[in-house]
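In case you want the letters, here they are:
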Amino acid sequence: MNAASDALLFTQTFCNLAEEAGLGLCYLGTTVYMPGQIIETLRLPRLVMPVATLTLGYPAEEPALTDRLPLSSLLHEEVYHDYTPEDINRWYAAKEALPENRHYVEINRKETLAQIFTDIRYTRKDNEALSATFLAALRQQGFLD
C-alpha cells in the first residue's frame, strides 16, 4: 500500500508539473479495468503492479473543461461524514441541469445521471467482474500468495 500511495503521489505531482508546462494529460481507467494487459504489454515482473497510466502530450486545441462536482462533495473536515440523498441531489444539481447532460439522460431513457452510471455505465455485474480481474492480476504478480 505504501508503494502504491507513493507511486500515485508521484504521478499526481508529475501531472501538476506537466500541466504547468502546457502539456495535456488524462488518467486512464484501464489501469484498474485491464491490469493484466498492462502487465503483459510492459512485461512487468512479479511484485510489480500498475497503479496509474497516463496519456500525455501537447494539445492541438483547448477543449472546455469537464464539469466537476463541487469541492464540498469531496472534502471532509476532521472526520468522515456519510452522504445523504439531499447532499447528493444538491451536489449533482448543476451537472443535472447542463443541456448536454439532460440530453444524455433523455437518450438513455433515464431520469437522472446517477441512474445512467449505476444502471448502464458501471453496473454491479461489471464492477464485480472488474474486481475479479484486478484480484487475478494481484495474484499473478505475487501479492496474494
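The preceding data block contains the structure.
Quantities reported herein were computed from a predicted structural model and do not represent experimental measurements.

Rules used in this analysis
- Throughout this document, residue positions are counted from 1 along each chain, in the order its sequence is written.
- Local features are withheld for residues below a pLDDT of 70 in this predicted model, meaning they are given only at 70 or higher, and side-chain atom pairs are given and counted only at 80 or more; totals for whole chains, interfaces and linings count all residues.
- The basis for every side-chain value is the complete set of heavy atoms in the structure, and neither hydrogens nor water enter the calculation.
- Salt bridge criterion: a side-chain nitrogen from Lys or Arg within 4 Å of a carboxyl oxygen from Asp or Glu.
- The numbering of helices and of strands both runs from the N terminus, where a helix is a DSSP run of H or I of at least 4 residues and a strand a run of E of at least 2.
- Working definition: with a 1.4 Å probe on protein chains only, accessible area under 20% of the residue-type maximum means buried, over 50% means exposed, and in between means partly exposed.
- Each residue after the first adds 1.5 Å to the expected span of a helix.
- This arc is taken over the directions from the axis of the helix to the C-beta atoms.
- The contact rule is simple, with two residues in contact once any of their heavy atoms fall within 4.5 Å.
- When two rings of Phe, Tyr or Trp (its six-membered ring) have centres within 6.5 Å they constitute a pair, described as stacked for plane angles under 30 degrees, edge-to-face for angles over 60, and tilted for the intermediate range.
- An axis is simply a line fitted to the C-alpha atoms; with a helix, the fit covers only the stretch in contact. Between two such axes, the angle follows the N-to-C directions and lies from 0 to 180 degrees.
- Orientation is classified from the angle alone, with under 35 degrees giving roughly parallel, over 145 giving roughly antiparallel, 65 to 115 giving roughly perpendicular, and any other angle giving oblique.
- Residue type decides the class: Asp, Glu, Lys and Arg count as charged, Ala, Val, Leu, Ile, Met, Phe, Trp, Tyr, Cys and Pro as nonpolar, and the leftover types, Gly among them, as polar.

With that settled, consider the pattern of salt bridges. Applying the stated criterion to the full structure yields four salt bridges. A salt bridge links glutamate 128 to arginine 124; its shortest N-O distance comes to 2.9 Å. With glutamate 128 and arginine 124 both in helix H7 (residues 124–140), this residue pair falls four residues apart, about one helical turn. Take glutamate 128: its relative accessible area is 45%, and that puts it in the partly exposed class.

Next up on the list: helix H1 (residues 2–20). For H1, with 19 residues, the first-to-last C-alpha span of 27 Å sits near the 27 Å given by 1.5 Å per residue. Within the sequence span of H1, burial applies to Thr11, Cys15 and Ala18. One face of H1 carries all of its buried residues, which in axial projection span an arc of 65°. Turned more than 90 degrees from where H1 packs its buried face, Asn2, Asp6, Leu9, Phe10, Leu17 and Glu20 sit exposed. The secondary structure elements touched by the buried residues of H1 are strand S1 (24–27) and strand S2 (54–57).

What follows concerns the packing of aromatic side chains. Scanning all chains against the criterion turns up three aromatic pairs. Relative to tyrosine 83, the ring of tyrosine 80 lies with its centre 6.3 Å away and its plane at 75°, an arrangement referred to as edge-to-face. Plain terms: the ring middles of phenylalanine 117 and tyrosine 122 are 6.0 Å apart, the flat faces sit at 10° to each other, and that makes the pair stacked. What makes tyrosine 122 partly exposed here is its relative accessible area of 34%. The rings of Tyr80, Tyr83 and Trp91 are connected pair by pair, giving a single aromatic cluster.

Looking now at the packing of helix H4 (residues 85–97) against helix H5 (residues 99–107). Each pair of packed helices can be described by the angle between their axes along with the distance between the axes. At a minimum axis distance of 5 Å, the contact between H4 and H5 shows a crossing angle of 90°. Classified by the interaxial angle, the pair formed by H4 and H5 is roughly perpendicular. Residues Lys95, Glu96 and Ala97 of H4 touch H5, and the partners they reach there are Pro99, Asn101, Arg102 and Val105. Partitioned by chemical class, the residues of the contact of H4 with H5 number three nonpolar, one polar and three charged.

Relative to the assigned elements, alanine 114 resides in helix H6 (residues 113–121). Residue alanine 114 is classed as partly exposed on the basis of its relative accessible area, which comes to 42%. Along the backbone, alanine 114 and isoleucine 88 are 26 residues apart, and their C-alpha atoms lie at a distance of 9.7 Å.

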